[in-house]
Amino acid sequence: MDDTERKKLIEKLDDDLDGFIQSKIQEKAARGEPEEKEVDYDTLVQEIESHPAFMTELDLSKPLSPEMQGLIALKYEDDDPKEKAESYKEDGNVNFKKKDYRLAIDNYNVAIQCKCDDKLLNAILYTNRATAQFYLGNNRSALLDCVVARKFKPDHMKAMIKGAQCCQELKRFQDAMTWCDQGLLLDPGNEKLLQLRTKAEKLNKSQERDLRKQAAADRRKEAEHQRLLAAIKTRGVTLASSQKPSSNSLLLTSLESHHPSGAKVHLDQEGTLHWPVMFLYPEYQQTDYIEAFSENSRFCDHIQAMFGTGADTPPWDTGRTYTPDRIEIYYEEQQAKTLHQVDTDATLSTVLSDSRYVDHLPVEVVNLCRK
């Protein structure tokens, strides 16, 4: 838009304003109001403020009038990158005050894209965008903007303060202390930085204490795992994963049960292994699950507890055919797809130590009823 076009637009806006005021007077006359009637001041102000020349807020959800489009074009048509960036920055500040942080970020984005050569202005733009990002919870993006702001102006105090706040929110307390220290070198009495540093130092000590506790807990857990693996290896148990060519030792993942209960093999204080065991009844497609079956327990003891005198009859065994004296126990040799019978007086360790048995959790034992 050249100077002539701009002058014509300004004259048109001025004429429109006069016409707008005159039309309101005519509307009052058309409503039968006497000319000498005094115009209500508040009503007139409200009507005038709806004119583009006096509007302070813009509803972007509604179509813009040609006059408003012209005013917007006037604001942003400046060829000077700095002036354009300033205009967009002002809009961003207005939206930030309204707590419309996303729209403020959009304004700052456009201002940054103007690529003006004013280092201070660029530092302000990145810091302002960082602050808007911070209020949206985008702490990593905000911290990155603070870093860029200081590339333009290393001593930009607002960027230092906001960077320290971002580090605290990210639980990077040591970094927060560093940002504070750098700012305090420039302004030793800065109250905000002093408060931030005191808080960061306190949180950093707490975090380091928690990390030490966690590291100690991890070491204890690892020692327990190694003790468990050593106990399993000593008993000659073959786990499925240890048969793979790439596996040179027992793995903790081999001890994970796929049962919903999440039960795992564990070693008690006396050094006894307890395994999750599943009894299968293929005739009825039913199962029983024992979360902790001691390696020293006999199968007959569990059978007696589940099917012996006084035990509740399973709802699927309507004929009560499953009794301790009629149940036979087998385990499957996976590779040969063969069932091997187990003496009911045998312990669980007898099966687990059999070289033909490859263990996967839970341990599966087949129970069949002798006809």
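Residues numbered from 1 in each chain as written. Predicted model: local features only at pLDDT ≥ 70, side-chain atom pairs only at ≥ 80, totals over all residues. Heavy atoms only, no water.

A. Here's a closer look at the overall build of the protein. If you tally the helices and strands in the protein, you get 12 helices and 8 strands. A burial count over the protein gives 38% of its 371 residues as buried. Pairs at least 24 apart in sequence give 55% of the contacts found in the protein among residues at least 6 apart. (Helix = DSSP H or I, 4+ residues; strand = E, 2+ residues; numbered from the N terminus. Buried < 20%, exposed > 50% of the residue type's maximum accessible area, 1.4 Å probe, protein only. Contact = heavy atoms within 4.5 Å.)

B. Spotlight on the pattern of salt bridges. Going through the model one piece at a time under the given rule, you end up with 11 salt bridges. Of the charged contacts in the structure, one is a salt bridge between glutamate 295 and arginine 235, with a shortest N-O distance of 2.7 Å. With glutamate 295 in the loop between β4 (286-294) and α11 (299-307) and arginine 235 in the loop between α10 (191-234) and β1 (238-239), this residue pair connects regions lying 60 residues apart in the sequence. Arginine 235 sits in the partly exposed class, given a relative accessible area of 28%. When salt bridges that share partners are traced, they join Asp181, Arg197 and Glu201 into one network. (Salt bridge = Lys/Arg side-chain N within 4 Å of Asp/Glu carboxyl O.)

C. Region of interest: the confidence of the model for the protein. Chain-level statistics for the protein give a pLDDT mean of 82 and a share of 74% at 70 or above. The low-confidence segment residues 243-250, where pLDDT is below 50, has 9 contacts with residues more than four positions distant or belonging to other chains. (pLDDT = per-residue confidence, 0-100.)

D. Just the pairing of strand β8 (residues 363-369), in detail. Across the 7 residues of β8, 5 count as buried, placing the element largely inside the fold. With 4 bridges connecting them, strand β3 (residues 273-281) and β8 associate as parallel partners. For methionine 278, the partnering residue across the bridge sits in β8 and is glutamate 364. (Pairing = 2+ DSSP bridges.)

E. Broad picture of the packing of aromatic side chains. Summed over the entire model, instances satisfying the criterion amount to 14 aromatic pairs. Measuring from centroid to centroid gives 5.2 Å for tyrosine 101 and tyrosine 135, while their planes differ by 15°, and the two rings are stacked. Linking tyrosine 101 in helix α5 (residues 101-113) with tyrosine 135 in helix α6 (residues 119-135), this pair joins segments that are 34 residues apart in sequence. On the basis of relative accessibility, which here comes to 48%, the residue tyrosine 135 falls in the partly exposed class. Between phenylalanine 134 and tyrosine 135 the ring centres are 6.0 Å apart and the planes differ by 90°, which places this aromatic pair in the edge-to-face class. Chaining the aromatic ring pairs together yields one cluster made of Tyr281, Tyr284, Phe307, Trp316 and Tyr322. In this arrangement the basic side chain of arginine 150 is found over the ring face of tryptophan 179, its NZ or CZ atom lying 5.0 Å from the centre. Across from the ring centre of phenylalanine 134, 4.3 Å away, lies the NZ or CZ of lysine 162, which sits over that ring. (Phe/Tyr/Trp six-rings, centres within 6.5 Å; stacked < 30°, edge-to-face > 60°. Lys NZ or Arg CZ within 6 Å of the ring centre and 35° of its normal.)

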